[in-house]
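# Residue-level structural notes
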Amino acid sequence: MLVSLQWLRELVSVEPACLEPGHLAERLSIAGFEVEAIEDLAARAAGVVVGHVLQREPHPNADKLSVCRVDVGADEPLQIVCGAPNVRQGLHVPVALVGSTLPAVGLTIKPAELRGVASSGMICSLRELGLDDGSDGIAELDRILDTLPPLGTAVGPLLGLDDQVLELAITANRPDGLSMRGIAREVAALSGGSTTFPAAAPVVAAQPLAAAAADREAIEAGGLFSLTALSGLTVGPSPDWLRQRLERAGVRPINNVVDITNLVMLETGQPLHAFDRDRLGALTDGTPEPARIGLRQGRSGEAFVALDGQERSLSEEALVVTCADNPIALAGVMGGLAEAVTTSTTAIWLEAAVFAPQAVRRSARSVGLRTEASSRFEKGVPREITLAAADRAVALLQELAGARVEGRWLHQRAATPQPPLPLRRDALHNLLGPVLVEGEAQDLDDERITATLEALGCVLEEDEEGWQVRVPPERAMDLKREVDLIEEVARLVGYDHFAAHLPDPLIPGGLEPAQQLERRLRRSLCAAGLQEIVSLSLVAAAPGRVPLANPLLADYGHLRDNLHQELLLAARRNLQASLGGFWGFEIGRVFPGGTASGEERHGERTLLVGVISGERRGERWRSSGKPTPPDYFQARGVLQVGLEPLRLPLEDRPLTDAPLLHPGRAAQLLVEGKPAGWFGQLHPAEAELLDLPAATYVFQLELEPLLSAGTRRNRWQPSFRPYPTVPASERDLALVVPTDTTAADLLAAIRKAGKPLLEQAELIDRYEGAQVEAGRCSQAFRLRYRDSARTLTDEEVEAAHGRVRDALERRFGAEQRR
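Since the structure is predicted, the reported quantities are computational estimates derived from the model, not experimental observations. (Residues numbered from 1 in each chain as written. Predicted model: local features only at pLDDT ≥ 70, side-chain atom pairs only at ≥ 80, totals over all residues. Heavy atoms only, no water.)

Of regular secondary structure, the protein chain possesses 21 helices and 46 strands. For the protein chain, the C-alpha radius of gyration of 42 Å lies well beyond 28 Å, the compact-globule estimate for 818 residues. Considering only C-alpha atoms, the protein chain reaches an extent of 135 × 70 × 70 Å along its principal axes. Looking at the protein chain as a whole, 48% of its 818 residues qualify as buried. In the protein chain, once contacts between residues fewer than 6 apart in sequence are set aside, the share between residues at least 24 apart is 67%. Summed over its atoms, the accessible surface of the protein chain is roughly 42,000 Å², and 50% of this surface lies on carbon and sulfur atoms. Between the mean site of the 85 positive side-chain charges and the mean site of the 112 negative ones, the protein chain shows a separation of 9 Å. (Helix = DSSP H or I, 4+ residues; strand = E, 2+ residues; numbered from the N terminus. Rg over C-alpha atoms; globule rule 2.2 N^0.38 Å. Buried < 20%, exposed > 50% of the residue type's maximum accessible area, 1.4 Å probe, protein only. Contact = heavy atoms within 4.5 Å. Areas by Shrake-Rupley, 256 points an atom, 1.4 Å probe, with all protein chains shown as cover. Lys, Arg positive; Asp, Glu negative; His and termini not counted. Charge placed at Lys NZ, Arg CZ, Asp CG, Glu CD.)

This is the structure in structure tokens:
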């Protein structure tokens, strides 16, 4: 947004120092409107004065050059060599004196000799002064200026080059910043001034617009669509003040009708568009009635020629304004060339509407076109200002083009009044704290609060707790809560004016127990030999995955629903790079999709997933250089070592319904009796598909249940037990049990039956082969007995050992192996 300080001074009443460019730029940047550049227009014409061509002679050595004697109000006329075809005797022209610089063309004027003739200065064109008028000749001040000033007068102020222009970066949440009224309110609030806007134009009475059902639906999606019929216009060049305001805002002047619509857009933030009524009438063999103008989505392949002269092929994403079903404009983006206002136009339809931001954004993107109008509609235009902007344009058209109003037609969605926002005095003071006044901290006074918000256009009504605040329509998009109003007060008063105060008492921060445990878990898994991996959370499309509404790339347009897939692909890449193996894990979120009762449901889970594939290169020193990939139990042991910080007993149960895993080499992992994940060898078909070795193991655990169980207070309470001072007695117990009997079940029964003397029990061997009958296996355990107070006798140990054997025989049908 380009902001002219001259225009701003007409809208804001403040101390002159407050509008000094450097000071204002600093205040606006601190308040959230970053000033990216400041252009001093006076620099374009510094050293350029009014001159009078006293004599013009052909150059003796060049046919296209002229030698001129120019009076610039000095003691002697200057001799200047000029190449413009329109230079002639008696003409008043802008003359750049020696030593001056023309930034528009990057030229510094120096004494020169052109084809043997000395030249002291330069006769300038408007283009060389940064005012492109479309011509190639020098500027003729006799034609441009109504009154000629004395010779030697500075040209800059005569051509409007006596202004400064600020270039502001407007954020998406501040659409009011794309209008001079919005910037004026901001400056008034920052500087303690007041705003003075042009008087409200007379309201044009409106009658209902009879739109078709489809058009009515598209109109109501935006909120409002109006057409004002005007006739008797005289289209021609705009007055200088209007042209200069547009040029300083970066808008090219066209004619008085189009320029008025652009001026009102810059002033209020409401884009407008004018259609030639007679040219629209040609589409329907007569003057079109308002009902023939509608709004619909474009049709695939439909041709449209915009004002820039380019023909575009529309799609169904394009939103178009139509006349008799013919597209005449891209709604909120750009009008059509065939219906544009020209010098022969005498009657127009003035369109003032509000279009849905999403529809304008899709429409502009579909044709690859972004304009001043679309940038405003995309951020949101309040429909409360739309008709007022149309009235303002009508008044200017009557004044500058002699227009006559014939009527207005309007269709709008029923408005829902916005309730006032409560602003509690205590909430504001508690959140912001005191301000510093002459070095002393005190609460912000009520007058400062109300003045700040009223300068923004808010209407305040005081109540017991504070105020009821009605927000102006231009700020309704970003002032929706009490805290938003408090932020506005802090932003405009200045964050640097508030006292710094710390909470009392001071409480040091730190990681929560779950965060600490997660970090220990990561370190432990790395110590166990696994490398942590971080993969992208965006993946390609697949059934069940959640799509993004606006993906940057088609191949990364969905949220991942698992972690093991990317880890397995990483393992394959490692093996293809001639590495011996891949041991890695990742802790990350997945987003599985699903349906329930016909409706989509999207969840979010945090998983710990790992892959152990092949060998670790550093282990070959133990096998004389031969590859030794881990077997199932070794890989399971790696996971057990990595999970040591959790201090949780994990129980393995056979798992047969996991398609990713080998049906006979997979286990469900239970924590405190509840399923927490799985571990197993990769299914041979999957390993072959991914070109991975058979000895590839995958595990997956739900992280949140693990951290919840691992951070219970009683689990981390340190306990002290004295070192035993009496010897222990160990016994081995080999049992023949059915092959589907797990060691975990046997150990649980052993520990229960061996109390209170049993101190430790562990599995030391499992055998299944020819010396054991089919369907049964041998499992051997080592049991350690001890009494903390005395040495046990053999009879006491045998009695406890016998109770263990009897319990296993009763529960599992176990037979002691001889």
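Let's shift gears to the side chain of Gln700. Its location among the elements puts Gln700 in strand 42 (residues 696–702). In contact with Gln700, not counting residues within four places along its chain, are His564, Arg605, Leu607, Leu608, Val609, Ala676, Gly677 and Trp678.

With that settled, consider the side chain of Glu378. If you trace the backbone, Glu378 turns up in helix 10 (residues 372–379). Glu378 sits in the buried class, given a relative accessible area of 13%. Ignoring anything within four residues of it in the chain, the contact list for Glu378 reads Pro357, Val360, Arg361, Ala364 and Arg370.

Okay, unusual backbone geometry next. The step from Lys755 to Pro756 runs through a cis peptide bond, and the omega angle for that step is 0 degrees. Take Pro756: it is sitting in the loop between helix 20 (743–753) and strand 44 (758–767). In the Ramachandran plot, Ser578 falls in the positive-phi region, its phi being about 70 degrees despite a non-glycine side chain. Locating Ser578 in the fold gives a position in the loop between helix 16 (564–576) and strand 35 (581–590). The exposed category is assigned to Ser578, whose relative accessible area is 61%. Positive phi, close to 55 degrees, is recorded for Arg647, a residue that is not glycine.

It is worth spelling out empty space enclosed by the protein at this point. Inspection of every chain in the model, using the stated rule, returns two cavities of 30 Å³ or more. In this structure, the second largest cavity encloses a volume near 60 Å³. (1 Å grid on protein atoms, 1.4 Å probe; cavity = no way out; pocket = protein on both sides within 12 Å on 5 of 7 lines; lining within 4 Å. Points joined across faces, edges and corners; volume = space filled by probe spheres on them.)

Position of Gly593 among the secondary structure elements: in strand 36 (residues 593–596). Between the C-alpha atom of Gly593 and that of Glu372, which follows or precedes it by 221 residues, the distance is 40 Å.

For the rest of this paragraph, the subject is the confidence of the model for the protein chain. The pLDDT averaged across the protein chain works out to 90; a share of 96% of its residues lies at or above 70. This model gives residues 595–599 a pLDDT under 50, and the stretch forms four contacts once residues within four places in sequence are excluded. (pLDDT = per-residue confidence, 0-100.)

Contact geometry for helix 12 (residues 425–432) and helix 14 (residues 482–493): axes closest at 10 Å, N-to-C directions at 55 degrees. Overall, the two elements helix 12 and helix 14 adopt an arrangement that is oblique. Crossing handedness for the pair helix 12 and helix 14: right-handed. Two secondary-structure elements touch here, helix 12 through Ala427, Leu428, Leu431 and Leu432 and helix 14 through Glu482, Val483, Ile486, Val489 and Ala490. (Axes fitted to C-alpha atoms, helices over the stretch in contact; angles between N-to-C directions. Parallel < 35°, antiparallel > 145°, perpendicular 65-115°, else oblique. Left-handed = near helix turned anticlockwise from the far one by under 90°.)

Most of strand 24 (residues 348–354) sits out of view: seven of its seven residues are buried. Residues Ile348, Leu350, Ala352 and Val354 point to one face of strand 24 and Trp349, Glu351 and Ala353 to the other, with burial holding for every one of them. One ladder, built from seven bridges, connects strand 16 (residues 224–231) with strand 24; its direction is antiparallel. Bridge assignment links Leu224 to a residue of strand 24, and that residue is Val354. Here strand 17 (residues 272–276) pairs with strand 24 via five bridges, running antiparallel. (Pairing = 2+ DSSP bridges.)

All right, on to the layout of surface pockets then. Here the largest pocket defines a volume of roughly 1,200 Å³. Lining the largest pocket are 33 residues; nearest its centre among them are Tyr632, Phe633, Asp652, Thr742 and Ala743. Looking at the lining of the largest pocket, the elements that each hand over two or more residues are helix 17 (632–642), strand 39 (650–654), strand 40 (661–671), helix 20 and strand 44. In terms of residue class, the lining of the largest pocket is made up of 15 nonpolar, nine polar and nine charged. (Nonpolar A, V, L, I, M, F, W, Y, C, P; charged D, E, K, R; others polar.)

Note on placement: Val367 falls in helix 9 (residues 357–367). With 27 residues separating them along the chain, Val367 and Val394 place their C-alpha atoms 31 Å apart. Beyond its immediate sequence surroundings of up to four residues, Val367 is in contact with Arg312, Leu314 and Leu330.

Their axes nearest at 10 Å, the elements helix 13 (residues 446–455) and helix 14 cross at an angle of 95 degrees. It follows that helix 13 is roughly perpendicular to helix 14 by the angle criterion. Along its contact with helix 13, which presents Arg448, Ile449, Thr452 and Leu453, the element helix 14 presents Leu485, Glu488, Val489, Leu492 and Val493. A per-class count over the contact of helix 13 with helix 14 returns six nonpolar, one polar and two charged.

For the coordinates displayed, the defined rule picks out seven aromatic pairs. Ring plane angle 75 degrees and centroid distance 5.4 Å describe the contact between Tyr632 and Phe679, whose orientation is recorded as edge-to-face. Pair noted here: Tyr632 is in helix 17 and Phe679 is in strand 41 (residues 674–682), with a separation of 47 residues, a long-range link. For the pair Tyr632 and Phe679, a shared accessibility class is recorded, and that class is buried. An aromatic cluster is present here, built from Tyr632, Phe633, Phe679 and Tyr697 joined pairwise through their rings. The ring of Phe197 carries the charged tip of Arg181 above its face, separated from the ring centre by 4.7 Å. The positively charged end of Arg425 is found above the aromatic ring belonging to Trp467, 4.9 Å away from the centroid. (Phe/Tyr/Trp six-rings, centres within 6.5 Å; stacked < 30°, edge-to-face > 60°. Lys NZ or Arg CZ within 6 Å of the ring centre and 35° of its normal.)

Glancing now at helix 19 (residues 703–710). Taken together, the buried positions of helix 19 are Leu703, Leu706, Leu707, Ala709 and Gly710. An end-on view of helix 19 places all buried positions within 165 degrees of arc, on one side of the element. Structurally, helix 19 contributes buried residues whose contacts are with helix 15 (513–527), strand 35, strand 38 (605–614), strand 40, strand 41 and strand 42. (Arc of directions from axis to C-beta.)

This part covers a negative patch on the surface. A cluster of acidic residues, Asp426, Asp443, Glu464 and Glu465, forms a negative patch at the surface. Among the structural elements, Asp426 can be located in helix 12. With relative accessibility at 56%, the residue Asp426 sits in the exposed group. (Patch = residues over 30% accessible without salt bridge, like charges linked within 9 Å, V, L, I, M, F, W, Y side chains within 5 Å. Salt bridge = Lys/Arg side-chain N within 4 Å of Asp/Glu carboxyl O.)

Further remarks concern the nonpolar core. Leu8, Leu28 and Leu423 are the most contacted members of the largest nonpolar core, which has 75 residues in total. Here Leu8 is in contact with Val3, Leu19, Leu24, Met180, Ile183, Ala184 and Val187, once residues within four sequence places are set aside. Ala229, Leu280, Leu314 and Ala356 belong to the second-largest nonpolar core, a separate cluster that totals 37 residues. (Core = buried A, V, L, I, M, F, W, Y, C linked by side-chain atoms within 4.5 Å.)

This part is about the pairing of strand 18 (residues 293–297). Here strand 18 lies mainly inside the structure; four of its five residues are buried. Pairing analysis gives five bridges linking strand 18 to strand 21 (residues 319–323), with the strands arranged antiparallel. What sits directly across from Leu295, in strand 21, is Val321.

All right, on to the sheet that holds strand 45 (residues 776–785) then. Strand order in the open sheet formed by four strands is 44-45-43-46, and the pairing between neighbours is antiparallel. The open sheet has two free edges, formed respectively by strand 44 and strand 46 (815–816), since each of these has just one partner strand. Note: strand 43 (residues 729–738) against strand 45, ten bridges, orientation antiparallel. Bridge assignment links Leu735 to a residue of strand 45, and that residue is Gln779. With respect to the sheet, helix 21 (residues 794–812) is in contact with strand 43, strand 45 and strand 46, its orientation differing from that of strand 43 by roughly 15 degrees.

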